[in-house]
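Structural description and commentary
These are the residues of each chain, in order.
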Amino acid sequence: PAAGTFAEEHNITVAQGTKTPGDPSVGTITFNNVCSYVKFTVPAYVSDVKKVTIISGNAIAGDFATASSKIVSNGTNSISMKGSFGAGNTFLFVIAPGTVKKFSIYIETASGNWTRTVSNGFEAKAGVPVKLGTVDFKIASMDATATHTYTNDGKTLTGTNLVIDNLNIPDHLTG
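Note that this is a predicted model, so its numbers are computed, not measured.

Conventions we followed
- Residues numbered from 1 in each chain as written.
- Predicted model: local features only at pLDDT ≥ 70, side-chain atom pairs only at ≥ 80, totals over all residues.
- Heavy atoms only, no water.
- Phe/Tyr/Trp six-rings, centres within 6.5 Å; stacked < 30°, edge-to-face > 60°.
- Helix = DSSP H or I, 4+ residues; strand = E, 2+ residues; numbered from the N terminus.
- Buried < 20%, exposed > 50% of the residue type's maximum accessible area, 1.4 Å probe, protein only.
- Polar contact = N/O pair within 3.5 Å; in protein donor to acceptor, adjacent residues only side chain to side chain.
- Core = buried A, V, L, I, M, F, W, Y, C linked by side-chain atoms within 4.5 Å.
- Contact = heavy atoms within 4.5 Å.
- Pairing = 2+ DSSP bridges.
- Axes fitted to C-alpha atoms, helices over the stretch in contact; angles between N-to-C directions.

1. Notes on the packing of aromatic side chains
Think of a pair of aromatic rings as described by two things: how far the centres are apart, and how the planes are tilted against each other in angle. One pass over the structure, following the stated rule, counts 6 aromatic pairs. Note on phenylalanine 85 and phenylalanine 91: the rings are 5.2 Å apart at their centroids and 85 degrees apart in plane angle, and the pair reads as edge-to-face. Note on tryptophan 114 and phenylalanine 137: the rings are 6.5 Å apart at their centroids and 80 degrees apart in plane angle, and the pair reads as edge-to-face. Taken together, the residues span a long stretch of sequence, with tryptophan 114 in strand β10 (residues 113-124) and phenylalanine 137 in the loop between β11 (129-134) and β12 (141-150) at a distance of 23 residues. The same class applies to tryptophan 114 and to phenylalanine 137, which are both buried. Among the aromatic residues, those joined into a cluster by ring pairs are Phe40, Phe85, Phe91 and Phe93.

2. Quick look at the environment of aspartate 136
Looking at where aspartate 136 falls in the secondary structure, it is placed in the loop between β11 and β12. By relative accessible area, which is 32% here, aspartate 136 ends up partly exposed. Linking aspartate 136 and valine 46, residues 90 residues apart in sequence, is a C-alpha distance of 9.6 Å. Among the polar contacts listed, one links the side chain of aspartate 136 to the side chain of tyrosine 45, at a separation of 2.5 Å.

3. As for the nonpolar core
With 25 residues, the main nonpolar core has Phe40, Ile54, Phe91, Ile95, Ile105 and Ile107 as its most contacted residues. The set of elements that each furnish at least two residues to this core consists of β3 (36-41), β4 (49-55), β7 (78-86), β8 (90-95), β9 (98-109) and β10. The leading source of residues in this core is β9, at 4 residues. Not counting residues up to four positions away in its chain, the partners in contact with isoleucine 54 are Phe40, Ile60, Asn77, Ser78, Ile79, Phe93, Ile95, Phe103, Ser104 and Ile105.

4. Some remarks on the sheet that holds β11
Read across the sheet, 3 strands follow the order β8-β3-β11 without closing on themselves; strand pairing throughout is mixed. The open sheet is flanked by β8 and β11, the only strands paired with a single partner. Averaged over all pairs of adjacent strands, the angle between strand axes in this sheet comes to 15 degrees, irrespective of strand direction. Looking at chain direction, β3 and β11 are connected through 5 bridges and run parallel.

Here you go:
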């Protein structure tokens with residue numbers, strides 16, 4: 001693994017050739033990427049990166065049929081890169097095309113861990129990069145639902161029930 005690039009053997013390309021009518025010695029060949037990739041930059045304040053993991057609510061890698069680009073077996077919802085990456089690097093991960101649900105990035109460093117849910121979902125298209133830009137890991141996030149109770153006549157608020165889901169407080173904010 002290396003920051004700023006991806007493993008070449010994971011970026012599958014399929015070639016299709018056509019011959020020129022009337023002259024079989026002349027033809028063209030077109031190469032098409034089968035997969036998509038996610039590109040993002042980790043800000044410089046996240047230093048001494050040892051491992052970067054992307055996580056989805058559904059399979060983003062595995063064995064798949066190139067004709068359909070659909071995962072057919074061994075699907076996994078996470079991909080990791082391990083190494084010594086320093087700070088402020090850009091990362092690229094090759095992923096299977098399709099709908100990506102609840103996309104998160106998890107960073108392990110020598111001094112602590114950082115997590116950020118970047119998107120609740122996006123469409124990854126073959127040959128088209130998903131550019132997330134610089135990801136701010138200092139943001140705490142959550143999903144919350146409030147239910148209010150009232151008196152029988154509905155005029156006076158008597159209570160509120162707050163349910164918090166998907167609470168994401170980066171480790172550096174809790175320690």
